[in-house]
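Close look at the chain arrangement
Here is what each chain is made of, one letter per residue.
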Amino acid sequence: LVAFGSKLRWVLRLLTLMAVSADAFAAPKIAEGAYRVDWNRKVRDLCVDNYTNDDLTARDWQGVLRALGSICALSNVREGKTEASWTGKCSQPGVGRVLDVKYDVSVKVNADGSFDILTLISGDQQARIPIRGERLKGAAAACSKEQPFFRPWQ
């Protein structure tokens, strides 16, 4: 019986590692470099780096919101190589009370290298936040030192 329990723990650890590896492999990735980003009708040139790509998962989105003071439960999480979507139901501090807010997030990396992110917010706060990015061409495609980084959830 002890040997069975030991084997069961080993199998559970292996399954956990496989799930983490599958999540990391399946998340959409934007090619690193400079992009012209239309963020809710505000256009800026921003740099996409490996940290930007880390942010394109439901778990990292949840972590960023947690760092901002929100407690979010995830559901309907779907992550693939070019698309991801999830729903987050969050409790977050408001002015004198706790707000209940629902986020529906979708991420899509297109075949041409551009990307679309849409966040729909409902509940005690409401908003529609579209983000569209297109890779800059030529020498402008390289990130400059003074160029800000693209962090979609901050």
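Read on for a plain summary of the structure. (Residues numbered from 1 in each chain as written. Predicted model: local features only at pLDDT ≥ 70, side-chain atom pairs only at ≥ 80, totals over all residues. Heavy atoms only, no water.)

**A short note on the pairing of strand β1 (residues 33–39)**
Condition: Each pair of strands is called paired provided DSSP finds at least two bridges between the two strands. To qualify as a helix, a DSSP run of H or I must reach at least 4 residues; to qualify as a strand, a run of E must reach at least 2; elements of each kind are numbered from the N terminus.
Sheet topology note: the β1/strand β2 (residues 42–48) ladder contains seven bridges and is antiparallel. By the bridge assignment for β2, V37 is matched with R44. The antiparallel pairing of β1 with β2 creates a hairpin that spans two residues between the two strands, and N40 there sits at a positive phi of about 55°. Pairing of β1 with strand β7 (residues 127–135) involves five bridges; the strand directions are antiparallel. Along β7, the bridge assignment pairs Y35 with R135.

**Looking at the state of the cysteines**
To keep it simple, the criterion reads: Throughout, a disulfide means two cysteine sulfur atoms within 2.5 Å of one another. For every residue, the accessible area obtained with a 1.4 Å probe (protein chains only) is divided by the maximum for its type, and the residue is called buried under 20%, exposed over 50%, and partly exposed between those limits.
Under the definition given, this model contains two disulfides. Each sulfur of the disulfide joining C47 and C143 lies 1.9 Å from the other. Given an S-S torsion of about 95°, the disulfide between C47 and C143 has right-handed geometry. In this pair, C47 sits in strand β2 while C143 sits in the segment after β7, placing the two residues 96 residues apart along the sequence. Overall, C47 belongs to the buried group, its relative accessible area being 5%. We classify C143 as partly exposed; its relative accessible area is 32%. Note on cysteine connectivity: C72 is disulfide-linked to C90, with sulfurs 2.1 Å apart.

**A word on the nonpolar core**
Worth spelling out the cut-off: Nonpolar core, defined: a set of buried Ala, Val, Leu, Ile, Met, Phe, Trp, Tyr and Cys residues in which side-chain atoms within 4.5 Å join the residues together.
Grouped together as the largest cluster of nonpolar side chains are 26 residues, with contacts concentrated most on W61, W86, Y103, F115, I117 and F150. The set of elements that each furnish at least two residues to this core consists of β1, β2, α3 (58–67), β4 (83–93), β5 (98–109) and β6 (115–123).

**A word on unusual backbone geometry**
The phi angle at N40 is positive, at roughly 55°, despite the residue not being glycine. Counting through the fold element by element, N40 comes out in the loop between β1 and β2. Backbone geometry at N76 places phi at a positive 50°, although glycine is not the residue there. Note on placement: N76 falls in strand β3 (residues 71–79).

**Topic: the sheet that holds β7**
Operational definition: Orientation is described by axes fitted as lines to C-alpha atoms, over the contacting stretch for helices, and by angles from 0 to 180 degrees between their N-to-C directions. Residue contacts are counted whenever heavy atoms from the two residues lie within 4.5 Å of one another.
Taken in spatial order, the seven strands make up an open sheet running β2-β1-β7-β6-β5-β4-β3, and their pairing is antiparallel. Of all the strands in the sheet, just β2 and β3 have a single pairing partner and so form its edges. Between one strand axis and the next, the sheet turns through 20° on average, direction left out of account. Judged from the seven bridges that link them, β6 and β7 form a sheet pairing that is antiparallel. Note that in β7 the partner of L120 across the bridge is R128. Lying over the sheet, α3 contacts β3, β4 and β5, oriented at roughly 165° with respect to β3.

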